[in-house]
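Single-letter residue listing:
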Amino acid sequence: MLRDISAAIIRHTALSRRHLTPELVLRLITPECPLWRAKEGESPFRDPFWAFYWPGGQATARYILDNQDLVKDRNVLDIGCGCGAGSIAAAKMKAKYVLANDIDHHALAATHLNANLNGVLIDTSSKNLIGTKCEEFNVILIGDMFYDEDFSQTLFKWLIKLHEAGKTILIGDPGRHGLTEKRRRHVQMLAEYKMPRESQEENNGFTKTKVWKLNKLI
């Protein structure tokens, strides 16, 4: 099954460096791909979210590539890894161990393809790790996951517990409604990036994206 999924991903995506992390080559659905203009029902994939490089993921990966000490010699968990860019960036910056986690097997296949393209080795897991203690990890990456209020509430409560256990929590987000003003009181903005033109077109007009660090509650 994994071989078939990987073959389909290769067939329907293109190699791209047109994003905030041109150091990384990624298989994505780009304007050159027929799926870019495909209508509902024309795609062989149910929901190929993993074939797009979302703003929060770009911000997180960019920040890691620019700040190696954040992940070097540490164990990194990438929740909702999508195309795997955050995991790949961490591996390139000499993380001790990287686990890319997503409940979608297509995302994990895409992550493996992209890791191979960038010359790094990472492990993957399809288990739902949200709510677990993640005891073996030092750094948790969260990108573009504050899209739904109910889910955001569950996610943020879990992240607070992980932070209280001493873990570094990085959140990539362009300003989605789930990262509310109340929640932003508990995070520190580490960086803000202007999105490349093509990325703006892909992501509903978001022109900027940010990376945040969960801080001590106030």
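Preceding block: the structure.
Summarised in this report is the structure supplied together with it. Everything numeric here is computed off the predicted structure, so don't read it as measured data.

## Re helix 4 (residues 105–117)
Step number 1: If you check helix 4, its first and last C-alpha atoms are 19 Å apart, about what 13 residues at 1.5 Å a residue would give, namely 18 Å.
Step number 2: Of the surrounding elements, those touching the buried residues of helix 4 are helix 1 (2–12), strand 2 (26–28), helix 3 (85–92), strand 4 (97–101) and strand 5 (123–125).
Step number 3: Its side-chain oxygen at 2.7 Å from the backbone nitrogen of His-106, Asp-104 defines the N-terminal cap of helix 4.

## Details of the packing of helix 2 (residues 55–66) against helix 3
Axis angle and axis distance: for two packed helices, these are the angle between their axes and the distance between the axes, and together they describe the pair.
Step number 1: Packing of helix 2 against helix 3 brings their axes to within 8 Å, and their N-to-C directions diverge by 5°. In terms of orientation, helix 2 and helix 3 fall into the roughly parallel class. On helix 3, the residues touching Ala-61, Ile-64 and Leu-65 of helix 2 are Ala-85, Gly-86, Ala-89 and Ala-90.
Step number 2: Here the residues of the contact of helix 2 with helix 3 are counted per class, giving six nonpolar, one polar and no charged.

## A look at the packing of aromatic side chains
Step number 1: Applying the stated criterion to the full structure yields six aromatic pairs.
Step number 2: Measuring from ring centre to ring centre gives 6.3 Å for Trp-36 and Phe-52, while their planes differ by 45°; the resulting arrangement is tilted. Taken together, the residues Trp-36 in the loop between strand 2 and helix 2 and Phe-52 in the loop between strand 2 and helix 2 connect sequence positions 16 residues apart.
Step number 3: Measuring from ring centre to ring centre gives 6.1 Å for Phe-146 and Phe-156, while their planes differ by 70°; the resulting arrangement is edge-to-face. Residue Phe-146 is found in the loop between strand 6 (139–143) and helix 5 (149–164), and its partner Phe-156 is found in helix 5; the two are separated by ten residues along the sequence.

## A look at the layout of surface pockets
Step number 1: Put simply, the largest pocket is a space of about 710 Å³.
Step number 2: Surrounding the largest pocket, 32 residues form its lining, Phe-49, Gly-80, Asp-102, Gly-143 and Met-145 being those nearest its centre.
Step number 3: Counting residues per element, the ones that place at least two in the lining of the largest pocket are helix 2, strand 3 (75–79), helix 3 and strand 6.
Step number 4: With three residues, strand 6 is the largest single contributor of residues to the lining of the largest pocket.
Step number 5: In the lining of the largest pocket, the residues fall into 16 nonpolar, nine polar and seven charged.
Step number 6: Taken as a whole, the second largest pocket encloses approximately 220 Å³ of empty space.
Step number 7: Partitioning the lining of the second largest pocket into residue classes produces six nonpolar, two polar and five charged.

## Quick word on the nonpolar core
Step number 1: Formed by 35 residues in total, the largest nonpolar core has its most connected members in Leu-26, Tyr-53, Ile-64, Val-71 and Val-76.
Step number 2: Those elements that place two or more of their residues in this core are strand 2, helix 2, helix 3, strand 4, helix 4, strand 6 and strand 8 (187–194).
Step number 3: Beyond its immediate stretch of four places on either side in the chain, Val-71 contacts Ile-64, Val-76, Ala-90, Met-93, Lys-94, Ala-95 and Lys-96.
Step number 4: Of all hydrophobic cores here, the second largest spans 22 residues; its members include Phe-146, Ile-169, Val-187 and Leu-214.

## Overview of helix 3
Helical geometry: 3.6 residues make up each α-helical turn, so side chains three or four residues apart lie on a common side.
Step number 1: Of all eight residues in helix 3, seven are buried, a share of seventy percent or more.
Step number 2: All of the buried residues in helix 3 are Ala-85, Gly-86, Ser-87, Ile-88, Ala-89, Ala-90 and Ala-91.
Step number 3: For helix 3, the elements touching its buried residues are strand 2, helix 2, strand 3, strand 4, helix 4 and strand 6.
Step number 4: Positive backbone phi, approximately 70°, marks Lys-94, located one or two places after helix 3.

Thresholds applied
Residues numbered from 1 in each chain as written. Predicted model: local features only at pLDDT ≥ 70, side-chain atom pairs only at ≥ 80, totals over all residues. Heavy atoms only, no water. Helix = DSSP H or I, 4+ residues; strand = E, 2+ residues; numbered from the N terminus. Expected span 1.5 Å × (residues − 1). Contact = heavy atoms within 4.5 Å. Polar contact = N/O pair within 3.5 Å; in protein donor to acceptor, adjacent residues only side chain to side chain. Axes fitted to C-alpha atoms, helices over the stretch in contact; angles between N-to-C directions. Parallel < 35°, antiparallel > 145°, perpendicular 65-115°, else oblique. Nonpolar A, V, L, I, M, F, W, Y, C, P; charged D, E, K, R; others polar. Phe/Tyr/Trp six-rings, centres within 6.5 Å; stacked < 30°, edge-to-face > 60°. 1 Å grid on protein atoms, 1.4 Å probe; cavity = no way out; pocket = protein on both sides within 12 Å on 5 of 7 lines; lining within 4 Å. Points joined across faces, edges and corners; volume = space filled by probe spheres on them. Core = buried A, V, L, I, M, F, W, Y, C linked by side-chain atoms within 4.5 Å. Buried < 20%, exposed > 50% of the residue type's maximum accessible area, 1.4 Å probe, protein only.

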